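# Understanding the architecture of this molecule
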Amino acid sequence: MSLNQIERAQGLRVRSTQDLAGGLFMIVLAFGAFVFTWDLPAGSLRQLGPGMLPKAFAVICAALGALLVLTSLRYHGEKLQGWSWKGIFFALGGACLFALTIRGFEFGPIRVPALGLLVAGPLLIAFSGLAADDRRIKELLIFAVAMSAGCILLFKYALGLPIPLAPWLLGI
Amino acid sequence: METFAHLSLGFGVALTFKNIALCFAGCLIGTLIGVLPGVGPIATISILLPITFGLDPTGALIMLAGIYYGAQYGGSTTAILVNIPGEATAVVTTLDGHQMAKQGRAGIALGTAAIGSFFAGCVATVIIAALGAPLTKLALLFGPAEYFSLMVMGLCFAVVLARGSILKAFCMIMLGLLLSTVGTDLETGQERLTFGVASLMDGIDFSVLAMGVFGFAEVLRNLENPEARDVVKAKIGRLLPGWDDLKQSAAPVLRGTFIGGILGILPGNGAVLGPFASYTVEKKIAKDPSRFGKGAIEGVAGPESANNAGAQTAFIPLLTLGIPPNAVMALMVGAMTIHGIIPGPQVMTRNPELFWGMVASMWVGNLMLLIINLPLVGVWVKLLQVPYRLMFPAILIFCCIGIYSVNNQPLDVAFTALFGLFGYLLIKLGFEPAPMLLGFVLGKLMEEKLRQALIISRGSFMTFVERPISAGLLVVAVLVLVIALLPSIAKKRDEVFTE
Amino acid sequence: MKKLVLGLAAAAALSFAGGAQAQGYPTKPITMIVPFAAGGPTDIIARIVADNMSKTLGQQIVIENVAGAGGTTGITRAVTAAPDGYTIAMGHLGTFSAAPATYPGLKYDPINGMQTIGLAGGTPILIVARKNLEAPDLKAFVAAVKANPDKFNEAHAGLGSVSWTTCTLFKGILGTPKINAVAYRGTGPALNDLVSGQVDFMCDQIVSVAEQVRSNTIKAYAIASAERSPALPDVPTTKEAGLPDYQIEAWNGIAGPKGMPKEAVDKLVDALNKALNDEGTKKRLLDLGTVLPTAEERTPAGFAALIKRDADKLTPALSAAPKQ
C-alpha cells in the first residue's frame, strides 16, 4: 500500500471526482472562514490580533484546496460515491431529538418542554434504530426501554451525573 | 539508595488494606468511565470529590489518581472496539486498534494495550520516584517559544499519520487548525466564527468534534455497508496476545514508554503528543510502513504505552512544582487543596508519606488495572457480537449522554450530530479525520504560544531560532517533514514519467 | 412570551410536584450551577458549601458545571431559569461585578436582575513577580513599571478571569494600561511561566500562589486586602506597601433568578449561614485561604451591596482596558 493515492490509482484512466470535490470543499470552507473573520483585526507581529491566525489558516486551506483541484485534474484518483440519506436522517436525527427533548428547547415559535432522560433515551434509540436495514420493530422497542433504564441507573444513579430524569413527572 | 528508602515508605503507605481498596475502587470506576464515551475523568473526579471528604488526603488522592489512569486504560477500549476516541490521546489508537478489531483481533489489540500500558506505567513510576525532582527542570526550560516549536513538530507528525494522500493530510491538518480558532479570543475577548452561538464561545469541545467525526460518522459509514460491519462479529480470534504478538510489540512498547514519559513531563499537556510521536516513530522505522493503518500491532502497542507513560509522568510537574500540566491535574490540585494540602514545591519534603504513597500506589494501580482489564477483554469482545442494528443505537445513546454531561448543554449533542455529518462528508471525500483532530488539539496551544512568544520577544520571529531548544525542535520538524515527503515526491515524479 | 412559558413550566412543575412548592421548600433536589469547569476555585468552594447546605435543607444540592464565556453562560442560564428556588448559581467577582463591563452583550443584570442569597467566601489577591526581578518591594516595582512600562510582561489567565480582572484594575491605578499582557489559558500555565521567569508579574488569588511564594520560587510584593493573611504573614498589605488604592478581593457568592419565593430565599440564606458556621466546612474553606464573610455579607442585601461596590470600582479600569 502506498503512501500516496496517485500510486494507488495507477492503471485507472479516470480523473478523480473525489479529489476535485475535496478541493472545492476546502476552498468553500476556507472562503467561508475568511468572510466570517473579515472584521477581526489581524494585529501586528508584536501583538497578533484575533484575526491573524484564522485568516492565515483559511488562506492556506484555500491554497491546499486549489492544489487538490489541480491534482485531481492531473492525476487519477477515486470517484465520488453516493450518500445514504437514511442513516443521516435516522441516526443523526435521533441524536437531535435527544438534544431537543432532554431539557427542553425554545427556538422562535417552536417549543419543546423538558422531557428528561426518561423520554429522550427511548426516543433516541427507537428513532435511530430505524436506520438499520434489518430492523425489527418489536425488538427495537424492548431494547429502547431496557437500554434507557440501564443508562438511567448507570449515569444518573451510579455515576451521579446531573441529568434531568423526568422533570414533568418526578420533578428531577 | 535514598530512592529505595522513599519507595519503601511509599509502599508502606500504599499497601495498607484501606489504600489498596481505595486504589482498586478508583481503578474500577476509572475503567468504567473511560469506556463510556464522553464521560471523562474530569466529570467523575469532580463528582467524587465530596465523597472523599471523609477520607484522609493520601487515600483520597490515591483513589482519584486511580480514576485518572483507569480512564486512560478504559479510553483505549472504546477506541479499539467502536472507533471512538474519548480523549485526544486515544485518537492514534483508533487507527490500527479498530482495524485490528475489524479483523477479529480485538482481543489481541486490547490485551496488547493493557500489557503495554502496564509496562509503561511501571517504568513511569520508577522514573517519577528516581528522577522526578531533576526532571522538573525540564518543564521549566520550556517557555512559549519552545512550546510553539514543539507544536510545529507535532503537526509534522500528523503528516506521517496519513494513510492516503499526503496533500489531503495537509488539508485536514489545516482544517483542524482552522476549527481550533473557533471561540472567544483569549486576549481580546472577541468572538471568532461563533455565529453568536453561546456554546461555541469557548471553542469547539474536543469530545464533540471527536465523537462526531469518529463515532457518529463511523455509525453512518457502517449503516451504509452492512458487509463491513458484519466482519467484526464474524470472526473472533484468540482473546489474548500470544508470544509472537508480544515479541512484535516489545520494542514499540519500550520506545513508546520513553517518548511518552519525556513528553508527559512538559507542562501545557505535552502528554497529548506522546502517542502521536510514538506512532510516527513506529511507522517510520517499520520495515513495511504500509501495514500501518490496517491493523499493525505496533501501532497499538507503542502509542498506548506512550499514552500511559505520559499520563503518569504528568504527575511530576504537579507533585514537584505544584503546577498542574493539564485539566485533570488541575482537578487534582483542587482535590489536594480540599484536603488541606496546597500543592507546591515542598509537598515532597513536607508530606513525604503522601508523595511517596501516591507514587507507590501508581504501581499498585497499574497492576490492578491489568487484573481488572485482562478478564474484561473477553467481555468486550463478546459485546462486539451484539447485532449491529442494536449496537449502534446503544453507541449513540452513550455518546449523547456522555456529550451532554461534559457541559450539561443539549446544544453540544446537536453539534456532535452536525460534526457526524461533517465526518461522513470527509469520508466520502476521502479525507481522514485523525490529522484533523491532531491539528485541532495542537491548534489552540499553538496560537496561544505563538502570541505569547511574540509579545515577549516584542514581535521578533528570531526568538524561535535563537533559543537553542526551540531551534532544535524546529530542525526535527523539518527532518520529519522531509522524510515524510520525499517518497511521495519521488512517486509523483515517477507518475509524471509514466504518463 | 418567554416569561409566560417559564411561568407555565413552573406551574406544570408545581402541579406535578403536588403543589408543595411554597410549603416545606425544598421538596426536591436543588440545582446549583457552577459556571466554570469542575475543579477550579469556584467549583471547589461550591462543592464544600453545597455539601453542608444539603444537610440543613434536607435535600441534595446537585452541582451542575456549565462552563463558557468567562462564567457568563452558566449564570445566564441560572438567572433566567424559573424562579422557584430550585435553580441557583455560585458566581464570583468576575461573573457578578466585572462581567457587565467585560462582556458588552451580557444577557443578565447582576445589580437589578437577580436575587442574591449571600457571600460564601472571599479570597485575597496578591501581586507576585518572578523571583529575580530587581525591584525589592512594591514601591520600587511600581516606580519601575511607571518609568518603563514597555519593559514588563504581565501574565494573566485569560480575558474575564480573576487574574485579568484584578490586574487590569492594578494597571488602571498605576495609569499604565498598555503593559504587555501575555494571556494564558488558566492560572496553571501562567504560573509556570512566572516560575521559570518567562514573564515578570501577575496578580492572582492567594490559593494559587501561596505555596510558590512560601517556597521562594516567586516573590510576592503585596496583598490587596485590608489585613495580612495568616497564610502569608510576611507579605505586606497594599496599604502598608504604599499603594492603598489597590484594594480588591476575589469572592464567591450565591444568587438565583429574580422573583424567588421568600421562603426559599430565607431557607437558602439560613443554610448558607449554617454551613459557614459549621466547624468542618469552615476549616476546609480556611485551608483554601478563604476569608469568611461577615454577618452582613451573608445576607442578600449585604451581598448585593458588595456586588455593586466592586462593580463601581472595576468598571472604569475594565472599560478602558484594551479589548474589543
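Residues numbered from 1 in each chain as written. Chains lettered and ligands numbered in written order. Predicted model: local features only at pLDDT ≥ 70, side-chain atom pairs only at ≥ 80, totals over all residues.

### A short note on the overall build of chain A
Put simply, the test is: Only runs of H or I of at least four residues qualify as helices and only runs of E of at least two qualify as strands under DSSP, and these elements are numbered from the N terminus. Atoms considered for the radius of gyration are the C-alpha atoms alone. The globule rule reads 2.2 Å times the number of residues to the power 0.38. Buried, partly exposed and exposed are defined by the number of other C-beta atoms within 10 Å of a residue's own C-beta, namely 20 or more, between the two limits, and 12 or fewer respectively, with C-beta atoms placed from the backbone. Contact criterion: two residues are in contact if their C-beta atoms, reconstructed from the backbone, are within 7 Å.
If you tally the helices and strands in chain A, you get six helices and two strands. Traced from its N-terminal end to its C-terminal end, chain A shows the element sequence α-α-α-α-β-β-α-α. The C-alpha atoms of chain A give a radius of gyration of 24 Å, which is well past the 16 Å a tight globule of 172 residues would have. Over its C-alpha atoms, taken along the principal directions, chain A stretches across nearly 60 × 50 × 35 Å. Here chain A holds 172 residues, and the buried ones make up 45% of them. Counting only contacts in chain A whose residues sit at least 6 apart along the sequence, the fraction spanning at least 24 positions is 64%.

### Some points on the overall build of chain B
Looking only at helices and strands, chain B has 22 helices and two strands in total. For a compact globule of 499 residues, the expected C-alpha radius of gyration is about 23 Å, and chain B comes in at 22 Å, within 12% of that figure. For chain B, the residues scored as buried account for 69% of the 499 residues in total. Pairs at least 24 apart in sequence give 80% of the contacts found in chain B among residues at least 6 apart.

### Some thoughts on the domain arrangement of chain A
We apply this condition: Each domain span listed reflects an automatic or database assignment of domains.
Under the domain assignment used here, chain A contains domain 1 (5-74) and domain 2 (85-158). Between the C-alpha centres of domain 1 of chain A and domain 2 of chain A there is a distance of 37 Å.

### A few points about the interface of chain B and chain A
Stated precisely, the cut-off is as follows: Each residue is assigned to one class: nonpolar for Ala, Val, Leu, Ile, Met, Phe, Trp, Tyr, Cys and Pro, charged for Asp, Glu, Lys and Arg, and polar for all the others, Gly among them.
Counting residues at the interface gives 67 residues for chain B and 72 residues for chain A. Contributions of two or more residues to the side of chain B that touches chain A are made by α3 (41-48), α8 (166-180), α9 (206-224), α18 (388-407), α19 (410-428), α20 (433-456) and α22 (468-498) of chain B. The element best represented in the side of chain B that touches chain A is α18 of chain B, accounting for 12 residues. A per-class count over the side of chain B that touches chain A returns 41 nonpolar, 14 polar and 12 charged.

### Digging into the nonpolar core
Quick note on the threshold: Definition of nonpolar core: a set of buried Ala, Val, Leu, Ile, Met, Phe, Trp, Tyr and Cys residues joined via C-beta atoms within 7 Å.
Counting 339 residues, the largest nonpolar core has Cys-61 of chain A, Cys-400 of chain B together with Met-32 and Val-128 of chain C as its most contacted members. Contact partners of Cys-400 of chain B, with chain neighbours within four places excluded, come to Ala-95, Phe-98 and Leu-124 of chain A together with Val-413 of chain B.

### Focus: the packing of α9 of chain B against α19 of chain B
All names here are of chain B. Rule in force here: Note on geometry: axes are C-alpha line fits, over the in-contact stretch for helices, and angles between N-to-C directions span 0 to 180 degrees. When describing relative orientation, an angle under 35 degrees is termed roughly parallel and one over 145 degrees roughly antiparallel, while 65 to 115 degrees is termed roughly perpendicular and anything else oblique. Definitions for this section: a left-handed crossing has its near helix turned counterclockwise from the far helix by less than a right angle. A right-handed crossing has that turn clockwise.
Running from N to C, α9 and α19 point in directions that differ by 60°, and their axes come no closer than 7 Å. By the angle class used here, α9 and α19 are oblique. Relative to α19, the crossing made by α9 is right-handed. Of the residues in α19, those in contact with Val-208, Leu-209, Met-211, Gly-212, Val-213, Phe-214, Phe-216, Ala-217, Leu-220 and Arg-221 of α9 are Asp-412, Phe-415, Thr-416, Ala-417, Leu-418, Phe-419, Gly-420, Phe-422, Gly-423, Tyr-424, Leu-426 and Ile-427. In the contact of α9 with α19, the residues fall into 16 nonpolar, four polar and two charged.

### Details of the interface of chain C and chain B
Contact with chain C, which involves 47 residues of that partner, is made by 44 residues of chain B. Sorting the residues of the side of chain C that touches chain B by element identifies α2 (41-57), β2 (61-65), β6 (180-183), α7 (187-195), α8 (206-214) and α11 (279-287) of chain C as the ones contributing at least two each. With six residues, α7 of chain C is the largest single contributor of residues to the side of chain C that touches chain B. A per-class count over the side of chain C that touches chain B returns 17 nonpolar, 19 polar and 11 charged.

### Considering the UniProt feature "domain: DUF1468" (unreviewed entry) in chain A
Operational definition: UniProt positions are given in the numbering used here, feature names are shortened, and annotations may be inferred rather than shown by experiment.
What UniProt calls "domain: DUF1468" (unreviewed entry) maps, in this numbering, to residues 22-164 of chain A. Note that residues 22-164 of chain A is 64% helix and 4% strand, and that its end C-alpha atoms are spaced 41 Å apart.

### Here's the deal with the UniProt feature "transmembrane region" (unreviewed entry) in chain B
All names here are of chain B. The UniProt entry lists residues 106-131, 138-160, 323-342, 354-380, 386-406 and 469-490 under the feature "transmembrane region" (unreviewed entry), expressed in the numbering used here. Secondary structure across residues 106-131 divides into 100% helix and 0% strand, with the first and last C-alpha atoms of the span separated by 36 Å. A helix fraction of 90% and a strand fraction of 0% characterise residues 386-406, whose end C-alpha atoms lie 28 Å from each other.

### Some thoughts on the pairing of strand β1 (residues 30-34) of chain C
Residue and element names in this part refer to chain C. Note the following rule: At least two bridges found by DSSP between two strands is the condition for calling them paired.
Most of β1 sits out of view: five of its five residues are buried. Residues of β1 alternate between two faces, with Ile-30, Met-32 and Val-34 on one and Thr-31 and Ile-33 on the opposite face, all of them buried. When β1 meets β2, the two strands line up parallel, connected through five bridges. If you follow Ile-33 over to β2, its bridge partner there is Glu-64. The sheet contact formed by β1 and strand β3 (residues 87-92) spans three bridges and is parallel. Each residue of the ladder has a partner; that of Ile-33, found in β3, is Ala-89.

### With respect to the confidence of the model for chain B
Residues and elements named next belong to chain B. This is how the line gets drawn: What pLDDT reports is the predictor's confidence in each residue, on a scale of 0 through 100.
Of the residues in chain B, 94% have a pLDDT of 70 or more, and the chain-wide mean is 84. Of all the helices and strands in chain B, helix α10 (residues 226-234) carries the lowest mean pLDDT, 57, while α19 carries the highest, 93. The ipTM value of the predicted complex is 0.89, and its pTM value is 0.84.

### Some words on the packing of helix α7 (residues 144-161) of chain B against α20 of chain B
All names here are of chain B. Packing of α7 against α20 leaves a shortest axis separation of 8 Å and a crossing angle of 160°. By the angle between their directions, the pair α7 and α20 is classed as roughly antiparallel. With respect to the hand of their crossing, α7 and α20 are arranged in left-handed fashion. Residues Pro-144, Ala-145, Tyr-147, Phe-148, Met-151, Gly-154, Leu-155, Ala-158 and Leu-161 of α7 pack against Ala-434, Pro-435, Leu-438, Gly-439, Leu-442, Leu-445, Met-446, Lys-449, Leu-450, Gln-452, Ala-453 and Ile-456 of α20. In terms of residue class, the contact of α7 with α20 is built from 17 nonpolar, three polar and one charged.

### Brief notes about the environment of Phe-157 of chain B
Residue and element names in this part refer to chain B. The residue Phe-157 is located in helix α7 in this model. With 159 residues separating them along the chain, Phe-157 and Ile-316 place their C-alpha atoms 25 Å apart. Excluding residues that lie within four positions of it along the chain, Phe-157 makes contacts with Phe-276, Ala-277, Thr-280 and Val-480.

### Topic: the environment of Lys-239 of chain C
Residues and elements named next belong to chain C. Inspection of the secondary structure assignment puts Lys-239 in helix α9 (residues 238-241). Lys-239 gets classed as partly exposed once you count the C-beta atoms within 10 Å, which come to 17. As for Lys-239 and Phe-201, which are separated by 38 residues in sequence, their C-alpha atoms are 19 Å apart.

### A short note on unusual backbone geometry
For the bond running from Tyr-25 of chain C to Pro-26 of chain C, omega is 0°, close enough to zero to count as cis. If you trace the backbone, Pro-26 of chain C turns up in the loop between α1 (2-16) and β1. Look at Asn-83 of chain B: it is not a glycine, yet its phi comes out positive at around 65°.

### Let's talk about α3 of chain B
The element α3 of chain B is extensively covered by neighbouring structure, given that seven of its eight residues are classed as buried. Within the span of α3 of chain B, buried status applies to Pro-41, Ile-42, Ala-43, Thr-44, Ile-45, Ser-46 and Ile-47 of chain B. Structurally, α3 of chain B contributes buried residues whose contacts are with α2 (17-35), α4 (57-82), α15 (327-338) and α18 of chain B together with α2 of chain C.

### Examining the UniProt feature "transmembrane region" (unreviewed entry) in chain A
All names here are of chain A. Within this structure's numbering, the places UniProt gives as "transmembrane region" (unreviewed entry) are residues 20-40, 52-71, 83-102, 114-133 and 140-159. Secondary structure across residues 52-71 divides into 100% helix and 0% strand, with the first and last C-alpha atoms of the span separated by 29 Å. Here residues 83-102 is 90% helix and 0% strand, with 29 Å between the C-alpha atoms at its ends.

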